[in-house]
Amino acid sequence: MTPEALSAVLVDILRRLQADGFLGAGELPTEVVVERPKNREHGDWATNLALQFAGTFGLKPRELAEKVSELLLAAEGVTKVDIAGPGFINVTVSAGAAGEMAKTIVELGSVFGTGTALAGQKLNLEFVSANPTGPIHLGGTRWAAVGDSLARILQAQGAEVTREYYFNDHGAQIDRFARSLLAAAKGEETPEDGYAGAYIDQIAKQVVDGTAVDVLNLPEDEAQEAFRAAGVELMFQEIRESLHEFGVDFDVYFHENSLYESGAVEKAIERLKAAGHMFEQDGALWLRTTTFGDDRDRVVLKSDGDAAYIAGDLAYYLDKRSRGFDRCIYMLGADHHGYVPRMMAMCAAFGDEPGVNLEILIGQMVNLVRDGEPVRMSKRAGTVVTMEDLVELVGVDAARYALVRSSINSSLDVDLSVLEKKTNDNPVFYVQYAHARTRQVAVNAASLGVERTEFAPELLDHPSEGELLAKLVEFPRVMAHAALEREPHRVARHLEEVAGSYHRWYDNCRVTPISGGEVEAVHRTRLWLNEATSIVLRNGLEVLGVSAPERM
RNA sequence: GCCCCUAUAGCUCAGGGGAUAGAGCGUCGCUCUCCGGAGGCGAAAGCGCAGGUUCGAAUCCUGCUAGGGGCGCCA
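Remember, predicted model here, so these are calculated numbers, not experimental data.

1. Quick word on the overall build of chain A
- Secondary structure assignment for chain A yields 18 helices and 15 strands.
- For the C-alpha atoms alone, the extent of chain A along its principal axes is close to 90 × 65 × 40 Å.
- Per-residue burial for chain A yields a buried fraction of 41% across its 552 residues.
- When contacts within chain A are restricted to residue pairs at least 6 apart in sequence, long-range pairs at least 24 apart make up 72% of them.

2. Here we look at the packing of helix α4 (residues 95-108) against helix α18 (residues 521-544)
- Following both chains from N to C, one finds α4 and α18 inclined at 50°, their axes separated by 8 Å at the closest point. By the angle between their axes, α4 is oblique relative to α18. Regarding α4 and α18, the two cross each other, and that crossing is left-handed. Between α4, through A102, K103, I105 and V106, and α18, the contact on the second element is made entirely by W528, L529, E531, A532, I535 and V536.
- Of the residues that constitute the contact of α4 with α18, the class distribution is eight nonpolar, no polar and two charged.

3. Focus on the protein's contact with RNA strand B
- Taken together, 71 residues surround RNA strand B, and among them G171, D282, G338, N444 and S515 come closest.
- The set of elements that each furnish at least two residues to the surface near RNA strand B consists of β4 (88-93), α6 (172-186), β15 (412-415), α15 (427-447), α16 (463-485) and α17 (489-508).
- Of the residues forming the surface near RNA strand B, the biggest block, nine residues, is contributed by α15.
- Taken together, the residues that form the surface near RNA strand B break down as 27 nonpolar, 28 polar and 16 charged.

4. What to know about the sheet that holds strand β13 (residues 366-370)
- Read across the sheet, three strands follow the order β14-β13-β15 without closing on themselves; strand pairing throughout is mixed. Every other strand in the sheet has two partners, leaving β14 (373-375) and β15 as the edge strands with one partner each. Direction aside, the axes of adjacent strands within the sheet are offset by 45° on average.
- Those strands touched by helix α5 (residues 138-156) are β13 and β15, and its axis lies near 120° from that of β13.

5. Overview of the nonpolar core
- Ranked by size, the top nonpolar core spans 159 residues in total, and within it L181 and L472 carry the most contacts.
- Not counting chain neighbours up to four residues away, the residues in contact with L181 comprise I200, I203, A204, V207, F227 and G231.

6. Focus: the packing of α6 against helix α7 (residues 198-210)
- Two elements in contact, α6 and α7, have axes whose closest approach is 8 Å; the angle formed by their N-to-C orientations is 80°. Accordingly, the angle class assigned to the pair α6 and α7 is roughly perpendicular. Residue-level contacts link S180, L181, A184 and A185 of α6 to I200, D201, I203, A204, V207 and V208 of α7.
- For the contact of α6 with α7, the class distribution of residues is eight nonpolar, one polar and one charged.

7. Details of the sheet that holds strand β1 (residues 34-35)
- Overall, antiparallel pairing links the four strands, which are arranged β1-β2-β4-β3 in an open sheet. Both edges of this open sheet fall to β1 and β3 (78-84), since each of them pairs with a single strand only.
- Here β1 runs beside strand β2 (residues 45-47); their pairing, made up of two bridges, is antiparallel. When the bridges of β2 are listed, E35 appears paired with A46.
- Of the strands in this sheet, β3 and β4 touch helix α3 (residues 61-72), which is tilted by about 175° from β3.

8. Brief notes about the pairing of strand β5 (residues 122-126)
- Most of β5 is tucked away, with four of its five residues classed as buried.
- The sheet contact formed by β5 and strand β6 (residues 160-167) spans five bridges and is parallel. Paired with L123 across the two strands is V161, which belongs to β6.
- The handedness of the β5 to β6 crossover, carried by α5, is right-handed.
- Relative to strand β11 (residues 327-333), β5 is paired through four bridges, and the arrangement is parallel. Bridge pairing in β11 places E126 opposite Y330.

9. A look at helix α12 (residues 340-349)
- Where burial is concerned, most of α12 is hidden: eight out of the 10 residues are buried.
- For α12, every residue scored as buried is listed here: R342, M343, M344, A345, M346, C347, A348 and A349.
- Considering only its buried residues, α12 is in contact with α10 (264-274), β9 (284-287), β10 (298-301), α11 (309-322) and β12 (358-363).
- Two residues or fewer after α12 comes G351, characterised by a positive phi angle close to 90°.

Conventions adopted
- Residues numbered from 1 in each chain as written.
- Chains lettered and ligands numbered in written order.
- Predicted model: local features only at pLDDT ≥ 70, side-chain atom pairs only at ≥ 80, totals over all residues.
- Helix = DSSP H or I, 4+ residues; strand = E, 2+ residues; numbered from the N terminus.
- Buried ≥ 20, exposed ≤ 12 C-beta atoms within 10 Å, placed from the backbone.
- Contact = placed C-beta atoms within 7 Å.
- Axes fitted to C-alpha atoms, helices over the stretch in contact; angles between N-to-C directions.
- Parallel < 35°, antiparallel > 145°, perpendicular 65-115°, else oblique.
- Left-handed = near helix turned anticlockwise from the far one by under 90°.
- Nonpolar A, V, L, I, M, F, W, Y, C, P; charged D, E, K, R; others polar.
- Near = placed C-beta within 6 Å.
- Pairing = 2+ DSSP bridges.
- Core = buried A, V, L, I, M, F, W, Y, C linked by C-beta atoms within 7 Å.
- Right-handed = clockwise from strand over helix to strand, strands pointing away.

Put into structure tokens, the structure is as follows:
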């Protein structure tokens, strides 16, 4: 029995009580909260409906609870109903009713855990968007892991999702990057405000080697342009490759520069002018973001005529909307949170609804730690950790899992000393091991002639089976919740619980008979449960971008 | 000064207003007669402080303290 089914039964009971006159006039809920009690001894499911709705009908919670309990006890599959505390209703279902889910899950297979919570929505999810002036660092790596998993989770709820990377190949930083490359190629010192590091030397060399003309002897500005064009392209390729190795492939790599070349920036500005949201002051053109709650207005075109960074964002947002995205989700690092009010103001200035058409997720920083002591990331000290470094140290699975299993609202500490030891104290192994175990149990079962030829759910009556089933049944709700709240870490945490329940079950209930024993119905039935667990772990790991190994 | 995030076990982190606050790692015991011990069982150990709302607060609100981040005609 699923919690949804139980909820429906309870709603029906309330309706009957109202029809009978036990409940007076009042609005009935269309669904009620059915939860798994923390304490297993309280039953399989619990509902607080009596506490929630008794007041509506002028009853005491316990009065309502008792009446509901009476009727609930008659429902199919329900074996016991208790009232606890102020009015909780605890429900125990028969082993058969609970066990039935094992078969349902197996039959649903990869579909189990998907839903329709976001059906029909066309979402644009922009994440990483790291500048093409260097490799992706630890912070960007976190957004890659979280963003990609979120995309998968949103898709599993029926949303049409486009993964997008905004490529800032316009502006002063790119000029600095180009000057740095040129200086490196000439063997000169890194310019002030420039970029340094082994990768700069490498790319500089690649540009020199890959260009037909003698770039080093071109006039300064032409040489810089040559290094800009070729260097950005090389950096771009490198970033794309790193992401691909990490299991993250974007549908769209959007080039900021294209917005200027196509005239989209001017059009966006014209539109805001026409709407009366722009004004000139001190020789610059401003967007009056204070109209929409920002704490100060923002310059769009600087007094020297150059565009400020936000100019590109205006055009970019309009571009996304014109491509049919109902909702544009941006993932930004905490160092850019101050950008949120002006973005929301921009959204409103275009006549859209902030928080709906434009949604911004702020992720906190990743800190580097060594032996418990914070380490400042510094190129000079050699403590910069890139996506590639992390993958090399711990592998994609462990890296992605570690980065996705925490809420983005919390800053994350990554301990270098732990990574360097390549220890196995990462929870990903706990989950992966459970999956591998389900597969090996299946292999073993097959070799001993245990098959899923029959299914007698009432035999799944061990407490550890009830616990495991309850965890498996919760999976679709966890997935839906993760999608709606944009919180992929919930899936990882749930898998850890499933793995724990599975391990406990494994220690208590054998799928294959001990040597010499007969294969019985209970073994064949347990094989269904083993398979159901396998499916949940696999489906969950899939959306996290982590492999589900057959063996480890 | 203003804005955002955070404060939960020795460490890293979970905890959609509900019952006895959880996991991994670490520490200390126990557990292999047969499906993988990368497992299981048990123990010690915790909600920063002070108010408020509520039948009920780790969760919501206010203040304080501490930590991280941000407040450009930079990107």
